[in-house]
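Single-letter residue listing:
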Protein chains: 2
Amino acid sequence: MVKNDKVVTRRVIKEKSSASFSPLYKQIKDLLLQSLESGEFKAGLMIPSEQELAARFQVSQGTVRKAIDELSTENVLIRRQGKGTFVATHHEPQVRYRFLRLSTDTYHADEKRAQSIVLSCTQQTPTEEQRQLFELKPEQFVICIKRVMHLSNQPTVYEEIYVPEPSFQHLTLELLNTEKLPLYSLFESYFGVQLIRCDEKLRAVKAPLDVARMLNVEEGYPLLSVNRIAYTYGDKAMEIRNGLYLTEHYYYRNSLN
Amino acid sequence: MVKNDKVVTRRVIKEKSSASFSPLYKQIKDLLLQSLESGEFKAGLMIPSEQELAARFQVSQGTVRKAIDELSTENVLIRRQGKGTFVATHHEPQVRYRFLRLSTDTYHADEKRAQSIVLSCTQQTPTEEQRQLFELKPEQFVICIKRVMHLSNQPTVYEEIYVPEPSFQHLTLELLNTEKLPLYSLFESYFGVQLIRCDEKLRAVKAPLDVARMLNVEEGYPLLSVNRIAYTYGDKAMEIRNGLYLTEHYYYRNSLN
DNA sequence: TAGTGGTCTAGACCACGTT
DNA sequence: ACGTGGTCTAGACCACTAG
């Protein structure tokens, strides 16, 4: 079985009654996140067993367990009874398109029905907002991808995607056209960037003329505007995505509690 | 301290290795949900302590704890260290409007800035979809509420709300106009109906003429259509709400992971 | 059969809020 | 000082997967 198992000894602070007290399992969680961030634990592979981690960190299995529990509910790690605990990856069919919430009443916009056409991939000077979010230095750039996504052979989504150039060197139109992977899978494989969480802002807007033409609707037709900021480990923003969704046959589904 | 503390002894099945095995803590969770559904545990009040429940159900505190953990992450119960565990209520400011996801970049659409004007409250024959969702008998009705909600003194949301009449007898326009409570607080106080979860379907649509006038926009202006089904304990649908949001100054925010 | 995560226990002690 | 939830431990056993 392929797995992550480099042995590193770390020290855990067991002090109590300090000023700002952090429970042990939170410290373990942070250590695990560091291992993910540093690349010690690689996407798709198994991390050391709970017993092993308990021994490494000198805590009980229950404490490791609670740390993994949280990372598991955050979809950062995936537990598989009888097999082990694995680093979540965008390659698996179940999590592909997990951030695309377009559905019909009968099916989800999944891999089989989704097909994307990249229109352009250019290097640009970032806006002030982009520079701050990506923590870019004055002379650094962003890469902008424009594309149209077809669902059930209907043009349904137009997107403008921005990523920080320093983390995505050699991201080109050729690569995007060669690798017919979902974008987040490609980010993972080629750039080692794992997007694990995102915030979205939704509005209803009038279709601008150029987008209207691409989606086969008249100018001014209502589209769902989805502005997304996607984050990797450590709450670092790694992608800004402005999408316009045609919601005639699909809707954006959401569950609240 | 006011609390829920009627003593009821229940028997817990501790069998293992059965056909479809359900862990003890899941059984405890179901028992707690039954107590909530039956009204034994009342909204806003404290439930028995973990120790008490452990004794009642003849299991360890850890097992009760895990059951409460799940109900707590589902926002059904709320833990307060040093005080106790409480039944979530829509009366508290923190959870008021917790299902209304309209924000600006600076603030959330909270109580202080929200004001709703009820236009009508009528009894209607349900549609086939409504009849099925609410499990209504042929001769039973739904109540339909139409209202406009103002945010920051601007008409922003138009809603048509449907609830099953048998569970909401004597819900009248007078009551809605008298009690200036958020709707879900009113449902809780007057009808003992706790809405704890909902599913939403979002689309961008053209404003119909009548709604356009109410929201001070021209006919056909893009609005965010939000179709919600809200559920109480036991996944029973208790409300259908079709909203049209003007997203000029506010947006619908969402977090995915 | 061995190894993994999943459940359950009993007990100790800590942090927090109230009395 | 007391009662609540919160953390941590050590150990036992169960359920699932794979060789």
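Note that the structure is predicted; figures quoted are calculated from it, not measured.

Conventions and cut-offs
Residues numbered from 1 in each chain as written. Chains lettered and ligands numbered in written order. Predicted model: local features only at pLDDT ≥ 70, side-chain atom pairs only at ≥ 80, totals over all residues. Heavy atoms only, no water. Helix = DSSP H or I, 4+ residues; strand = E, 2+ residues; numbered from the N terminus. Polar contact = N/O pair within 3.5 Å; in protein donor to acceptor, adjacent residues only side chain to side chain. UniProt positions renumbered as here; feature names shortened; annotations may be inferred. Phe/Tyr/Trp six-rings, centres within 6.5 Å; stacked < 30°, edge-to-face > 60°. Buried < 20%, exposed > 50% of the residue type's maximum accessible area, 1.4 Å probe, protein only. Lys NZ or Arg CZ within 6 Å of the ring centre and 35° of its normal. Pairing = 2+ DSSP bridges. Domains from an automatic or database assignment. Contact = heavy atoms within 4.5 Å. Buried area = accessible area lost by both parts, 1.4 Å probe. Salt bridge = Lys/Arg side-chain N within 4 Å of Asp/Glu carboxyl O. Nonpolar A, V, L, I, M, F, W, Y, C, P; charged D, E, K, R; others polar. Least-squares fit on C-alpha atoms with pLDDT ≥ 70 in both.

J.: How do you make sense of the side chain of R56 of chain B when you look at a structure like this?
T.: Inspection of the secondary structure assignment puts R56 of chain B in helix α2 (residues 50-57). A polar contact is formed between the side chain of R56 of chain B and the side chain of E40 of chain B, at a distance of 3.5 Å.

J.: Would you explain the UniProt feature "domain: HTH gntR-type" (unreviewed entry) in chain A in this entry?
T.: Per the UniProt entry, the sites bearing "domain: HTH gntR-type" (unreviewed entry) are residues 22-90 of chain A in this numbering. Here residues 22-90 of chain A runs as 52% helix and 12% strand, with 31 Å between its end C-alpha atoms.

J.: Looking at this model, I keep getting lost on the packing of aromatic side chains. Mind explaining?
T.: The geometry of an aromatic ring pair is captured by two quantities: the separation of the ring centres and the angle between the planes. Across all of its chains, the model carries ten aromatic pairs over all chains by this definition. Ring centres of F99 of chain B and Y184 of chain B lie 5.9 Å apart, and the angle between their planes is 70 degrees; this geometry places the pair in the edge-to-face category. With a gap of 85 residues between them, F99 of chain B in the loop between β2 (84-87) and β3 (102-103) and Y184 of chain B in helix α6 (residues 183-191) connect regions that are remote in the sequence. Each member of the pair F99 of chain B and Y184 of chain B is classed as buried. The ring of Y231 of chain A carries the charged tip of R197 of chain A above its face, separated from the ring centre by 4.3 Å.

J.: Would you explain the sheet that holds strand β5 (residues 142-151) of chain B in this entry?
T.: Backbone-to-backbone hydrogen bonds join strands into a sheet, with any given pair of strands oriented parallel or antiparallel. The eight strands lie next to each other as β3(A)-β10(A)-β7(B)-β8(B)-β9(B)-β6(B)-β5(B)-β4(B), forming an open sheet whose pairing is antiparallel. For this open sheet the edge positions go to β3 (102-103) of chain A together with β4 (114-124) of chain B, each flanked by a neighbour on one side alone. For β4 of chain B and β5 of chain B, the ladder comprises ten bridges, and the chain directions are antiparallel. For Q124 of chain B, the partnering residue across the bridge sits in β5 of chain B and is V142 of chain B.

J.: Is there a simple way to think about the domain arrangement of chain A in this case?
T.: Interface size is often expressed as the accessible area that is lost when the parts come together. Residue and element names in this part refer to chain A. Domain parsing of chain A yields domain 1 (24-87) and domain 2 (102-252). The C-alpha centroid of domain 2 is placed 31 Å from the C-alpha centroid of domain 1. Listed by partner, the interface residues are six residues for domain 1 and four residues for domain 2. Roughly 440 Å² of surface becomes buried between domain 1 and domain 2 when both sides are summed, with 67% attributable to carbon and sulfur atoms. Considering only the surface of domain 1 that becomes buried against domain 2, E37, A43 and V76 emerge as the three largest contributors, covering 63% of it. Across the domain 1-domain 2 interface, the total number found is zero salt bridges. Where domain 1 touches domain 2, the interface holds zero residue pairs in polar contact (both at pLDDT 80 or more). Of the residues forming the side of domain 1 that touches domain 2, the biggest block, three residues, is contributed by helix α1 (residues 24-38). In terms of residue class, the side of domain 1 that touches domain 2 is made up of five nonpolar, no polar and one charged.

J.: For this particular structure, what's the right way to read the relation of the copies chain A and chain B?
T.: Relating the two copies of this chain is a rotation about some axis coupled with a shift parallel to it. In the superposition of chain A on chain B (RMSD 0.0 Å, axial shift 0.0 Å), the rotation amounts to 180 degrees. Between the two chains, the operation in question is that of a two-fold axis. Looking at chain A, 100% of its interface residues are interface residues in chain B too, so the copies touch through the same face.

J.: Hey, could you run me through helix α6 (residues 183-191) of chain A in this one?
T.: Since one α-helical turn is 3.6 residues long, residues separated by three or four positions face the same way. All names here are of chain A. With seven of nine residues buried, α6 lies mostly within the body of the structure. Buried residues of α6: L183, Y184, S185, L186, F187, E188 and F191, and no others. Looking at the buried residues of α6, the elements they touch are β5 (142-151), β6 (154-164), α5 (173-178), β8 (222-232) and β9 (236-245). At the C-terminal side of α6, G192 shows a positive phi close to 65 degrees.

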